[in-house]
Amino acid sequence: MSARPILLVTGGAGFIGANFVHHVRAVRPDWEVRVLDALTYAGDRRRLEGAGCDLIVGDIADTKTAQSALEGATWLVNFAAETHVDRSLLDAEPFLRTNVTGTYRLFEAARQAGVAKAVHVSTDEVYGETRGAAFRETDPPAPRNPYSATKAAGDLMVLATWQTHQFPVCITRGVNTIGPWQHPEKAVPLFTINAMRGQPLPLYGRGEQQRDRLYVEDHASAILAVLEQGEPGEVYNVAAGNNRDNLSVAWRICERVGAPQDLIHFVEDRTGHDWNYALDNSKLRSLGWSPRYDFEAAMDATVDWYLEAQDWWVPILDGEFQAYYERQYGERLAGAEAFRG
Ligand code: TYD
């Protein structure tokens, strides 16, 4: 009898990582799944309840920890990252440590451990903003904020391990993802929670910027497709084609929650706010993947989950988050203008 393949998921207690773990456990039940996660403010072991995997608490930038987590691993999928643009504008240091140094050290340890294939989960933001055509994988990185600059640097280091050492890696670049267990700092959960509590929804600028909203289950199935079928050394865009402006997103949330639209408040814009990200996903589609959730289905499934999951998110709103919220939104909301139909 052959041994079960072992998949190490780093950052597996985060939003997309944990959804990926549950997806893999459901569709590849014979795989052993192991998670390494630093459990920063954004990580939460509660996301892994019932997943049937071991959780090792540790940092990808700590080579010894990574080496021991990688022992015997067949594959690696890396989700570990600092992800929130607004936090990167306040302090980019943790982004450099995890997204650049941590990524490099993890992939170096994986290469030396003889992992058969590794996938690095990245973002559409590395291409920079677009006001027209969708980005293809051959477009050069042109990041515009500290978060996306560190993700682009991490991507280049990962690709270098393929070019210099032929370590088989793939990179996925996903659009804005929504669904269960996303941290309340991100726009869709934040707006939903505020709408439920009768608090203002802080919309940057006039809410005209656009994002593609990919349901997390579709993102998880895309990453699995790339792990199993992606060509080594290749990048794959993951996009749903559900682009909408942020004001439309806030409207949909108010409607679903049953909250009045005048809770929407226009606040001072994010500096360097990217206008739009749009990705061509034909390369990924050629592997047989396609998204199952359109904009309405993705939004409604997400909002409905938050309506039911107060036990999960209420405790997160305390402590560190409260201090962050005050710093990010205190002055902005004091000078806000309510939406008037
Ligand atoms: P976000 O969820 O932070 O993701 P990203 O910056 O990676 O795209 O933001 C999504 C969009 O919503 C983005 O255009 C910024 C906007 N936004 C607001 O208008 N208000 C907010 O409070 C937040 C967090 C985001």
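Provided above is the structure to which this section pertains.
Since this is a predicted model, take the numbers as computed values, not measurements.

Reading guide: rules and limits
Residues numbered from 1 in each chain as written. Predicted model: local features only at pLDDT ≥ 70, side-chain atom pairs only at ≥ 80, totals over all residues. Heavy atoms only, no water. Phe/Tyr/Trp six-rings, centres within 6.5 Å; stacked < 30°, edge-to-face > 60°. Helix = DSSP H or I, 4+ residues; strand = E, 2+ residues; numbered from the N terminus. Buried < 20%, exposed > 50% of the residue type's maximum accessible area, 1.4 Å probe, protein only. Lys, Arg positive; Asp, Glu negative; His and termini not counted. Salt bridge = Lys/Arg side-chain N within 4 Å of Asp/Glu carboxyl O. Contact = heavy atoms within 4.5 Å. Pairing = 2+ DSSP bridges. Axes fitted to C-alpha atoms, helices over the stretch in contact; angles between N-to-C directions. Near = heavy atom within 4 Å. Polar contact = N/O pair within 3.5 Å; in protein donor to acceptor, adjacent residues only side chain to side chain. Nonpolar A, V, L, I, M, F, W, Y, C, P; charged D, E, K, R; others polar. Expected span 1.5 Å × (residues − 1). Parallel < 35°, antiparallel > 145°, perpendicular 65-115°, else oblique. Left-handed = near helix turned anticlockwise from the far one by under 90°.

(A) Structural context of the packing of aromatic side chains. According to the stated counting rule, one finds 14 aromatic pairs in the structure shown. With a centroid separation of 4.5 Å and an interplanar angle of 40°, the aromatic rings of tryptophan 31 and tryptophan 75 are classed as tilted. On the criterion of sequence distance, the pair formed by tryptophan 31 in the loop between helix 1 (15-27) and strand 2 (32-37) and tryptophan 75 in strand 4 (residues 75-78) is long-range, its members being 44 residues apart. Like tryptophan 31, the residue tryptophan 75 is buried in the burial classification.

(B) Structural context of the side chain of aspartate 124. Among the structural elements, aspartate 124 can be located in the loop between strand 5 (117-123) and helix 5 (146-165). Salt bridges are absent for the buried aspartate 124, whose nearest opposite-charge side chain, arginine 211, sits at 6.3 Å. Apart from residues lying up to four places away in sequence, aspartate 124 is in contact with Arg173, Gly174, Val175, Asn176, Tyr277 and Leu279.

(C) Broad picture of the sheet that holds strand 6 (residues 169-174). Spatial ordering of the open sheet is given by 3-2-1-4-5-6-11, a layout of 7 strands whose pairing is parallel. Single-partner strands in this sheet number two, and they are strand 3 (54-57) and strand 11 (234-238). Going across the sheet, the axis of each strand differs from the next one's by a mean of 20°, ignoring polarity. By the bridge criterion, 6 bridges tie strand 5 to strand 6 in an arrangement that is parallel.

(D) The site of the ligand, seen in detail. Neighbouring residues of the ligand: 18 residues in total, closest Glu125, Pro202, Arg270, His273 and Tyr329. Contact between the ligand and alanine 187: an oxygen atom at 3.0 Å from a main-chain N or O atom of the residue. At a separation of 2.7 Å, a nitrogen atom of the ligand approaches a polar backbone atom of proline 202. Put simply, the parts of the chain that give the shell around the ligand at least two residues each are helix 3 (85-90), helix 6 (187-196) and strand 8 (201-204). Within the shell around the ligand, the residues separate by chemical class into 8 nonpolar, 4 polar and 6 charged.

(E) Looking closely at the environment of alanine 152. Mapping alanine 152 onto the fold places it in helix 5. C-alpha separation for the pair alanine 152 and serine 122, spaced 30 residues apart in sequence, amounts to 8.1 Å.

(F) Layout of helix 6. Counting buried positions along helix 6 gives 8 out of 10 residues, so the element sits mostly inside the fold. All buried positions along helix 6 are accounted for by Val188, Pro189, Leu190, Phe191, Thr192, Ile193, Asn194 and Ala195. Here the buried face of helix 6 lies against strand 7 (177-178), strand 8, helix 8 (246-257), helix 10 (295-308), helix 11 (310-313) and helix 12 (320-334). Following helix 6 by one or two positions, glycine 198 adopts a phi angle in the positive range, close to 70°.

(G) The arrangement of the pattern of salt bridges in detail. This structure, assessed with the given rule, holds 20 salt bridges. Here arginine 144 and glutamate 129 are joined by a salt bridge, their closest N and O atoms 3.6 Å apart. On the criterion of sequence distance, the pair formed by arginine 144 in the loop between strand 5 and helix 5 and glutamate 129 in the loop between strand 5 and helix 5 is long-range, its members being 15 residues apart. The network of salt bridges with shared partners includes Arg87, Glu185, Lys186 and Glu320.

(H) Highlighting the environment of alanine 297. For alanine 297, the location among the structural elements is in helix 10. Classification of alanine 297 by relative accessible area gives partly exposed; the value is 32%.

(I) Seen up close, helix 12. With 15 residues, helix 12 extends 21 Å from end C-alpha to end C-alpha; this agrees with the ideal 21 Å at 1.5 Å per step. Looking only at helix 12, the buried set comprises Phe321, Tyr324, Tyr325, Gln328, Tyr329 and Arg332. Residues of helix 12 that are buried in the fold lie against helix 3, helix 6, strand 8 and strand 13 (264-267).

(J) Structural detail: the packing of helix 8 against helix 10. Between helix 8 and helix 10, the least distance of the axes is 10 Å, while the angle of their chain directions is 50°. Regarding the angle of helix 8 to helix 10, the classification is oblique. Classified by chirality, the crossing of helix 10 by helix 8 is right-handed. Two secondary-structure elements touch here, helix 8 through Val249, Arg252, Ile253, Arg256 and Val257 and helix 10 through Phe295, Glu296, Met299, Asp300, Val303, Asp304 and Leu307. Its residues assigned to classes, the contact of helix 8 with helix 10 comprises 7 nonpolar, no polar and 5 charged.

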